[in-house]
Amino acid sequence: MPSPGLFESHPWEYGPFVNGGLGTGNRADYKFLSAGLHVGKVLTDPLGKGMLRGQFELAAEFIPLWQAYTPKYLRANCYQQPGGPLSCSNLFPTGGTYTGISVTPAILRWNFAGNHRYRPWIQGAGGLIWTTHKFPPVGPYPVPNHLGTSVFNFTPQFGIGVNYFVRPRQSISISANAVHVSNASMGDANPGVNASVQFSIGYTWWK
């Protein structure tokens, strides 16, 4: 069980986590894997009554390893000046594995009071991904003057989870998140990943 008065003392929490998931809908053949560090601070005294009683926490995550696994395509870049002919490059491969880093600087979490060893929570968050190549891939059909998407994408998300205390100031965290990936039209196109379901497991220390 948590140490007596742990949450009332507005503790910090920090620890590593591993995350994996799948795309949905037209991105059902996408897979995701990431690993990083979570840091948070409980900011309020317990508020509310009954099942909704809990505390507000502000947190952030840094993910130095972020990967997406996508189908491979052959595509061409095509160019067309107004009134001119269409000119296309040779076919080249795209898709496959995408690697990058991600940061989620604003995680707004509500920690429910819970019972004994379990402390469930819900959260909303927003983050940013940078990838070494433009993500997601576009193919297999070329579009005139469409050269890809963007190496920067935003990740608005919503999640639920639970902290299971294995020691008075240590817990295992398990969560599920719905994550949207979009470049906010910063690229030539914004096909994005409308929804992915991602699952996380981590280990947390409370101070």
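Fair warning: this is a prediction, and the values are worked out from it, not measured in the lab.

## Looking at the overall build of the protein
Here is step 1: A tally of regular secondary structure across the protein gives zero helices and 11 strands.
Here is step 2: From first element to last, N terminus to C terminus, the protein shows the α and β order β-β-β-β-β-β-β-β-β-β-β.
Here is step 3: By the compact-globule yardstick of 17 Å for 207 residues, the protein is too spread out, its C-alpha radius of gyration being 21 Å.
Here is step 4: For the C-alpha atoms alone, the extent of the protein along its principal axes is close to 75 × 25 × 25 Å.
Here is step 5: For the protein, the residues scored as buried account for 41% of the 207 residues in total.
Here is step 6: Considering only residue pairs separated by 6 or more positions, the protein has 66% of its internal contacts joining residues 24 or more positions apart.
Here is step 7: Element-wise, carbon and sulfur atoms account for 66% of the exposed surface of the protein, whose accessible area totals about 10,700 Å².
Here is step 8: If you average the places of the 14 positive and of the 7 negative side-chain charges in the protein, the two averages end up 5 Å apart.

## A few points about the pairing of strand β10 (residues 170-181)
Here is step 1: In this sheet, β10 lies alongside strand β9 (residues 157-167) in antiparallel orientation, the contact comprising 10 bridges. Across the sheet, the residue bridging to Y164 is I172, located in β10.
Here is step 2: Between β9 and β10, which pair antiparallel one after the other, the connecting turn spans two residues.
Here is step 3: Relative to strand β11 (residues 193-206), β10 runs antiparallel, the two sharing 11 bridges.

## As for the pattern of salt bridges
Here is step 1: Applying the stated rule across the entire model yields one salt bridge.
Here is step 2: For R109, the salt bridge is made with E13, and the minimal N-O distance between the two is 3.4 Å. Taken together, the residues R109 in strand β6 (residues 92-112) and E13 in strand β1 (residues 12-23) connect sequence positions 96 residues apart.

## Some remarks on the environment of L74
Here is step 1: Following the sequence through the fold, L74 ends up in strand β3 (residues 54-75).
Here is step 2: Sequence-wise, L74 and V162 are 88 residues apart; in three dimensions their C-alpha atoms are separated by 43 Å.

## Things to note about the packing of aromatic side chains
Here is step 1: Following the criterion strictly, the structure yields 10 aromatic pairs and no others.
Here is step 2: Considering the side-chain rings of F7 and F165, the 6.1 Å spacing of their centres and the 75° angle between planes classify their relative orientation as edge-to-face. One end of the pair, F7, is in the segment before β1; the other, F165, is in strand β9, and 158 residues separate them in sequence. Take F7 and F165: they sit in the same class, and that class is buried.
Here is step 3: Relative to W206, the ring of F7 has its centre 5.0 Å away and its plane inclined at 50°; by these criteria the two rings are tilted.

## Observations regarding the environment of R117
Here is step 1: Within the secondary structure layout, R117 lies in the loop between β6 and β7 (118-135).
Here is step 2: A C-alpha to C-alpha distance of 7.5 Å links R117 and V166, two positions 49 residues apart in sequence.
Here is step 3: A polar atom in the side chain of R117 sits 2.8 Å from the backbone oxygen of F165.

## Thoughts on the side chain of N153
Here is step 1: The residue N153 is located in strand β8 (residues 150-154) in this model.
Here is step 2: Looking at N153, its side chain comes within polar contact range of the main-chain nitrogen of N183, at 3.1 Å.
Here is step 3: Residues contacting N153, with those up to four places away along its chain left out, are G127, L128, I129, F135, V181, S182 and N183.

Quick notes on the rules
- Residues numbered from 1 in each chain as written.
- Predicted model: local features only at pLDDT ≥ 70, side-chain atom pairs only at ≥ 80, totals over all residues.
- Heavy atoms only, no water.
- Helix = DSSP H or I, 4+ residues; strand = E, 2+ residues; numbered from the N terminus.
- Rg over C-alpha atoms; globule rule 2.2 N^0.38 Å.
- Buried < 20%, exposed > 50% of the residue type's maximum accessible area, 1.4 Å probe, protein only.
- Contact = heavy atoms within 4.5 Å.
- Areas by Shrake-Rupley, 256 points an atom, 1.4 Å probe, with all protein chains shown as cover.
- Lys, Arg positive; Asp, Glu negative; His and termini not counted.
- Charge placed at Lys NZ, Arg CZ, Asp CG, Glu CD.
- Pairing = 2+ DSSP bridges.
- Salt bridge = Lys/Arg side-chain N within 4 Å of Asp/Glu carboxyl O.
- Phe/Tyr/Trp six-rings, centres within 6.5 Å; stacked < 30°, edge-to-face > 60°.
- Polar contact = N/O pair within 3.5 Å; in protein donor to acceptor, adjacent residues only side chain to side chain.

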